[in-house]
Amino acid sequence: MKLLLLIIISMLFITPAFTQTSKARQLVSRMTLDEKVRLVIGMGMNLPGLNQSSSGTGVGLSMDKVAGAAGTTYAISRLGLPTTVVADGPAGLRIDPTRKDDKNTYYATAWPVATLLASTWDTKLVEQVGKAMGNEVKEYGVDVILAPGLNIHRNPLGGRNFEYYSEDPLISGKIAAAMVKGIQSNGVGTSIKHFAVNNQEKNRNTVNAIVSERALREIYLKGFEIAVKESNPWTVMSSYNKLNGTYTSEEYDLLTTILRKEWGFKGMVMTDWFGGKDAVAQMKAGNDLLMPGTPEQRKAITDAITTGVLDIKVIDTNAERIVNYILNTPAYKKYVFSNKPDLKAHAVLARTAAADGMVLLKNTNVLPLPVNTRKIAAFGITSYDFVSGGTGSGDVNEEYTVSLVQGLNNAGYNLYEGINSVYTKYVTAEKAKQPKKSFFEEFINPTPRIPELAIENNLLGKSADETDMAIITIGRNAGEGSDRKVENDFNLKEAEVKLIEDVTAAFHAKGKKVLVIINAGGVIEVASWRDKADAILLTWQPGLEAGNAVADILSGKVNPSGKLATTFPVKYEDEITGKNFPGIEYPEKATNTGMFGMKAVPAEVTYEEGIFVGYRYYNSFNVKPAYEFGYGLSYTDFKFSNLSLSSKNIDKKITVSVIITNTGKIAGKEVVQLYISAPAGKLDKPSEELKAFGKTGLLQPGQAQKLTFTISVSDLASFNTDATAWIADAGMYTLKIGSSSTDIKLSSNFSLAKEIKTEKCNKVLLPQVAINELKK
Ligand code: BGC
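How each quantity is defined
Positions within a chain are numbered from 1, following the residues in the order the chain's sequence is written. Totals for whole chains, interfaces and linings use every residue, but because this is a predicted model, local features are given only for residues with pLDDT of at least 70 and side-chain atom pairs only at 80 or more, for both listing and counting. Side-chain figures throughout are based on the complete set of non-hydrogen atoms in the structure, without hydrogens or water. In this text, helices come from DSSP runs of H or I with a minimum length of four residues, and strands from runs of E with a minimum of two, each type numbered from the N-terminal end. To get the radius of gyration, use the C-alpha atoms; to get the globule rule, take the number of residues to the power 0.38 and multiply by 2.2 Å. Exposure is judged per residue with a 1.4 Å probe applied to protein chains only, and the accessible area is read against the type maximum: over 50% gives exposed, under 20% gives buried, and values in between give partly exposed. What sets the accessible areas is the Shrake-Rupley method with a 1.4 Å probe; for residues, cover comes only from the shown protein chains. Only four residue types enter the charge count, namely Lys and Arg as positive and Asp and Glu as negative; His and the chain termini do not. Here the site of a charge means NZ on Lys, CZ on Arg, CG on Asp, or CD on Glu. Only protein atoms enter the calculation, which uses a 1 Å grid: trapped sets of points that fit a 1.4 Å probe without letting it out are cavities, open sets showing protein on both sides within 12 Å along at least five of seven lines are pockets, and any residue with an atom within 4 Å of a point is a lining residue. Grid points are joined across faces, edges and corners, and a volume is the space filled by probe spheres set on the points. In this classification, the charged set is Asp, Glu, Lys and Arg, the nonpolar set is Ala, Val, Leu, Ile, Met, Phe, Trp, Tyr, Cys and Pro, and all remaining amino acids, among them Gly, are polar. Put simply, a salt bridge is a Lys or Arg side-chain nitrogen that is within 4 Å of an Asp or Glu carboxyl oxygen. Every axis corresponds to a line fitted to the C-alpha atoms, with the helix fit spanning only the stretch in contact, and the corresponding angles, defined between N-to-C directions, vary from 0 to 180 degrees. Each helix crossing is assigned a hand: it is left-handed if the near helix lies turned anticlockwise from the far helix by less than a right angle, otherwise right-handed if that turn is clockwise. Any two residues having at least one pair of non-hydrogen atoms within 4.5 Å are treated as being in contact. Here pLDDT means the predictor's own confidence in every residue, given as a number from 0 to 100. Here a strand pair is declared whenever DSSP counts at least two bridges between the two strands. Identification of polar contacts relies on pairs of N or O atoms within 3.5 Å, with a donor-acceptor requirement for protein atoms, meaning one able to donate a hydrogen and the other able to accept it, and with residues adjacent in sequence counted only if both atoms are side-chain atoms. In this text, near means that some heavy atom of the residue lies within 4 Å of the molecule or strand in question. Two rings from Phe, Tyr or Trp (for Trp, the six-membered ring) form a pair when their centres sit within 6.5 Å of each other. Planes less than 30 degrees apart are called stacked, planes more than 60 degrees apart edge-to-face, and all others tilted. We call a charge positioned over a ring when the NZ of a Lys or the CZ of an Arg lies within 6 Å of the ring centre and within 35 degrees of the ring normal.

Visitor: Can you explain the overall build of the chain? Please cite residues and give values.
Guide: Broken down by element type, the chain carries 24 helices and 30 strands. Taking 776 residues into account, the globule formula puts the C-alpha radius of gyration at 28 Å, and the chain, at 27 Å, falls close to it. Each of the three principal axes of the chain carries a C-alpha extent, and together these read 80 × 70 × 65 Å. Sorting the 776 residues of the chain into buried and exposed places 61% on the buried side. Of the roughly 29,600 Å² of accessible surface on the chain, 52% is carried by carbon and sulfur atoms. Put simply, the chain has 88 plus and 82 minus side-chain charges, and the middle of one group is 5 Å from the middle of the other.

So this is what it looks like as structure tokens:
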């Protein structure tokens, strides 16, 4: 009683601090109409190589605070609100590395791309990467990094797949949440993007993605939902595309009904750059900030308010959310940034992360390779011109990339000079011929990779005689603006096929082995040539320490523990989404209203595969992929044992534990994947779905570790369209613990006594046409 009295008295005397929200509201109430309108529109953009007037951009103030950033917000000095800076992107901070009349450099760490980070299946490691990435954001004077990206790898040709994590929403959401937590622990913000259903680059500004409510909820929104609920990103970036008929940035039900009301998102939404068409509709939808901002948008919004088409309350709410954001930024807090992040320390972490997400696809007694006993001939132009990351806004301006041969040299491998010198000369000469292009020119017309070099037979024979083994690297690059192609990209080029044939024939004739390295941000065809290789290592695009990280895996300093978070099909034709990728175009209706005055071609894509994306399709329809979701080899073996469930009946939750023992001779880590198969019920279900995952620590030979997972009833629920609710069916569920989605080591059952509606949702975002959805 006394205590209660004390609390009440102290509450009466302590003036409560302004919550950020009420402070924001108060600041907005002091703004003029013009200030409010300027605040909801970014400050324009200075694109190198692009004539500003042609894009109609540039509201006013310069972008000079941090050169090379993507955009800034409007400052209202009389209210103490500074301009804030946002910059790309998912693989690290993207800013200009050098500045006019300034001898200092502003390089950032090129971290391994998102596909690789997801392949680590290690949320702790990703959080650490995020922490270091966020430190660069803060120390270079940026307030928000436009990352992470978590669209779905719907189809292997997606041009930006390297910026996204997986074909599966659970791993996408969990890895994104870890990244957001890490970055935001610095007191800077993130922008999870591109919300939502932006799974292709072709016609990205016009395409209407037609998706069923169920596929939308279960596959395309789920990852965002997890990230929002688990990590509170400061901002969300809406996408370019239309979703069931409306631009996502103009869709109230996406940005307000679902994101804010259903999921409880408290932050700010910004558009993708020049995304959407109707600024007033964007305001009404709850797309608070229009980026990078144009004078036309300012006029449209001002006119709409003046004529009463747009209620000022809408702008007040949006402005309030922007102010709330600004109040949290380092810019508002007058943080004195150093421009000197610890790039050396970050490179060490980038190397560790890179090695942890590489996936060993095949190994017939080739790896690990003792450093001191081997002489290696390295083939393929990519061995000399390794790809650290993808192109476009997801690219980073790093100071260096360690190539494969440099990495092998650093590790002490003995490289065969006869082959080295031929490639080095060729790659240097070809690079010199490449035209210097601005970001914009490169965006419109990407420079193709240097053609593969044909190695003359005599030299090949000699190198097989004089060395112990060969390495061939196959490289790929892609990025925003276009998707990849089947020919000469997903499928190997003729010259690459010949290189693999010739090198393997020459080396195998001498009883010597060949390792193929795949240095790509996404998936390529492997089934037609993998039998020729003795080992295959998928390095993805591993960031600036690339070659060193590969050498760590080859030497055995790091035992590979990466697993695929995206399926490698046998052939592109097996990919069910291929039937509807990238959709139908209507060129006769093209206008010149596209980004940067480019053609805008109306298009639509219907997601007829429904929820059967990636392994949900391959496993449910018994289509055998080349390498399945969750696959990856190690230099050691693991035993899975003692699967134990806290109960055979689920009421709210059950706890699941399993013991993993390293039964081999080398220390290593294992990824443990928990899949669940639902009982036959009202809905068509995938044969199994990933519901949880974990990774052991580094287990020494003989060492064991217990991993524990919690499964809630809501994890069992599917989105039932008729009921507009998530429903967990009654019946017997099979729980499978796997080392991949098909390599199931242990399984058990549990029951749900009666059907449970775990969440009622709003009936929104309905497709405007019937979809002929795939059924099992
Ligand atoms: C991309 C975004 C990026 C933005 C700013 C857009 O073209 O789609 O991912 O954040 O540019 O650079």
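Visitor: Lay out the layout of surface pockets with the relevant residues and their values.
Guide: A probe matching the size of a water molecule, rolled over the atoms, marks out where space remains unfilled. When its volume is computed, the largest pocket comes out at roughly 1,700 Å³. Residue lining of the largest pocket: 43 residues in total, with T391, D395, E442, T447 and N477 positioned closest to the centre. Counting only elements with at least two residues in the lining of the largest pocket, the list comes to α18 (439-444) and α20 (486-490). Counting residues per element, the lining of the largest pocket draws most heavily on α18, at three residues. Per-class residue counts for the lining of the largest pocket are twelve nonpolar, 15 polar and 16 charged. Considering only enclosed or pocket space, the second largest pocket measures out at about 1,100 Å³ in volume. Together, 40 residues line the second largest pocket, and L170, K174, E230, K691 and A692 are the ones closest to its centre. Every element with two or more residues in the lining of the second largest pocket is listed here: α6 (123-139), α7 (169-184), α9 (222-231), β24 (689-695), β25 (704-712), α24 (713-716) and β30 (756-760). In the lining of the second largest pocket, the residues fall into 13 nonpolar, nine polar and 18 charged.

Visitor: Can you lay out the pattern of salt bridges for me, pointing to particular residues and giving the numbers?
Guide: Taken as a whole and judged by the stated rule, the model has 41 salt bridges. With its nearest N and O atoms 3.3 Å apart, the salt bridge here joins K193 to D88. One end of the pair, K193, is in strand β6 (residues 189-195); the other, D88, is in the loop between β2 (85-87) and β3 (98-99), and 105 residues separate them in sequence. A salt bridge links K669 to D356; the shortest N-O distance between them is 2.6 Å. Here the residue K669 occupies a position in the loop between β22 (653-662) and β23 (671-677), and D356 occupies one in helix α14 (residues 343-357), the gap between them amounting to 313 residues. Among the residues examined, D356 registers a relative accessible area of 4% and is labelled buried. Ionic contacts of the salt-bridge type, sharing partners, join the residues R160, E163, E201, R204 and E480 into one network.

Visitor: Give me the lowdown on the packing of α7 against α9, citing residues and values where you can.
Guide: In helix packing, the relevant descriptors are the interaxial angle and the interaxial distance, both defined with respect to the helix axes. Taken N-terminus to C-terminus, the directions of α7 and α9 make an angle of 35°; their axes are 8 Å apart at the nearest point. Of the two possible hands of crossing, α7 and α9 adopt the one that is right-handed. Contacts between α7 and α9 involve P169, L170, G173, K174, A176, A177, V180, K181 and Q184 on the former and, on the latter, K222, G223, I226, A227, E230 and S231. Class assignment of the residues belonging to the contact of α7 with α9 gives a composition of seven nonpolar, four polar and four charged.

Visitor: Please give an account of the confidence of the model for the chain that cites residues and values.
Guide: Caution applies to low-pLDDT regions: their predicted coordinates should not be interpreted in detail. Residues of the chain with pLDDT of at least 70 account for 95%, and the chain-wide mean is 94. The weakest mean pLDDT in the chain belongs to helix α4 (residues 52-55) at 41; the strongest belongs to strand β12 (residues 359-363) at 99. Predicted confidence is poor over residues 9-18, with pLDDT under 50, and the contacts of this stretch with residues over four places away or in other chains come to two contacts. Below a pLDDT of 50 lies the segment residues 51-62, which in the model reaches 30 contacts outside its immediate sequence neighbourhood of four places, other chains included.

Visitor: Give a detailed account of the sheet that holds strand β13 (residues 375-379), specifying residues and quantitative values.
Guide: Pairing is mixed in the open sheet, where six strands are placed in the order β12-β17-β16-β15-β13-β14. Strands at the two margins of the open sheet, each flanked by one partner only, are β12 and β14 (414-415). Bridging between β12 and strand β17 (residues 535-538) involves four bridges; their strand directions are antiparallel. Paired with V359 across the bridge in β17 is L538. Of the strands in this sheet, β13, β15 (469-475) and β16 (513-519) are in contact with helix α21 (residues 494-509), which crosses β15 at around 170°.

Visitor: Hey, could you go over the side chain of S388 for me, with residue numbers and the actual values?
Guide: In this structure, S388 sits in the loop between α15 (381-384) and α16 (404-411). A distance of 3.5 Å separates polar atoms of two side chains, one belonging to S388 and the other to T401. Contact partners of S388, with chain neighbours within four places excluded, come to V113, E398, T401, Q541, P542, G543 and L544.

Visitor: Before we move on, could you go through the site of the ligand and cite the residues and values that matter?
Guide: If you check the shell around the ligand, you find 13 residues, and the closest are D88, R160, H194, D272 and E480. D88 has a polar side-chain atom sitting 2.4 Å from an oxygen atom of the ligand. At 2.9 Å, a side-chain N or O of K193 approaches an oxygen atom of the ligand. Considered on its own, the ligand offers 310 Å² of accessible surface; in the complex 93% of this is hidden by protein.

Visitor: Any details on the sheet that holds strand β18 (residues 584-585)? Residues and values, ideally.
Guide: Within the open sheet, the five strands sit side by side as β10-β9-β7-β19-β18. Their pairing is mixed. Each of the sheet's edge strands pairs with one partner strand only, and the pair in question is β10 (246-247) and β18.

Visitor: Got a sec to walk through the packing of aromatic side chains? Specific residues and values, please.
Guide: If you walk through the whole model with that rule in mind, you get 20 aromatic pairs. Residues Y106 and Y140 carry aromatic rings whose centres are separated by 6.1 Å and whose planes lie at 55° to one another, so their mutual orientation is tilted. Separated by 34 residues along the polypeptide, Y106 in the loop between β4 (102-105) and α5 (114-119) and Y140 in the loop between α6 and β5 (144-145) bring together distant segments of the chain. Members of the aromatic cluster, each reached through a chain of ring pairs, are W121, Y615, F629, Y675 and F693. Between the NZ or CZ atom of R99 and the centre of the ring of Y106, over which it lies, the distance is 3.6 Å. Directly above the ring of Y627 sits R530, whose terminal nitrogen or CZ lies 4.9 Å from the centroid.

Visitor: Explain the environment of K579 residue by residue, including any values.
Guide: Mapped onto the elements of the fold, K579 is located in the loop between α22 (546-555) and β18. On a C-alpha basis, the gap between K579 and I455 in space is 38 Å, while along the polypeptide they are 124 residues apart.

Visitor: How would you explain helix α10 (residues 252-262) if you had to name every residue and give the values?
Guide: For α10, a buried count of eight out of eleven residues is recorded, marking the element as mostly surrounded by other parts of the structure. For α10, every residue scored as buried is listed here: L254, L255, T256, T257, I258, L259, R260 and E262. Its side-chain oxygen 3.0 Å from the backbone nitrogen of D253, E251 forms the N-cap of α10. A positive phi of about 80° marks G264, the residue just after α10.

Visitor: Can you explain the environment of P569? Please cite residues and give values.
Guide: Looking at the element boundaries, P569 is found in the loop between α22 and β18. Every residue in contact with P569, bar those within four places of it in the chain, is listed here: F490, V523, D574, E575, Y618, P625 and A626.

Visitor: How would you summarise the environment of S29 if you had to cite specific residues and measurements?
Guide: Take S29: it is sitting in helix α2 (residues 20-29). Separated by 604 residues in sequence, S29 and L633 place their C-alpha atoms 60 Å apart. In this structure the side chain of S29 is engaged in a polar contact, spanning 2.6 Å, whose partner is the backbone oxygen of Q26.

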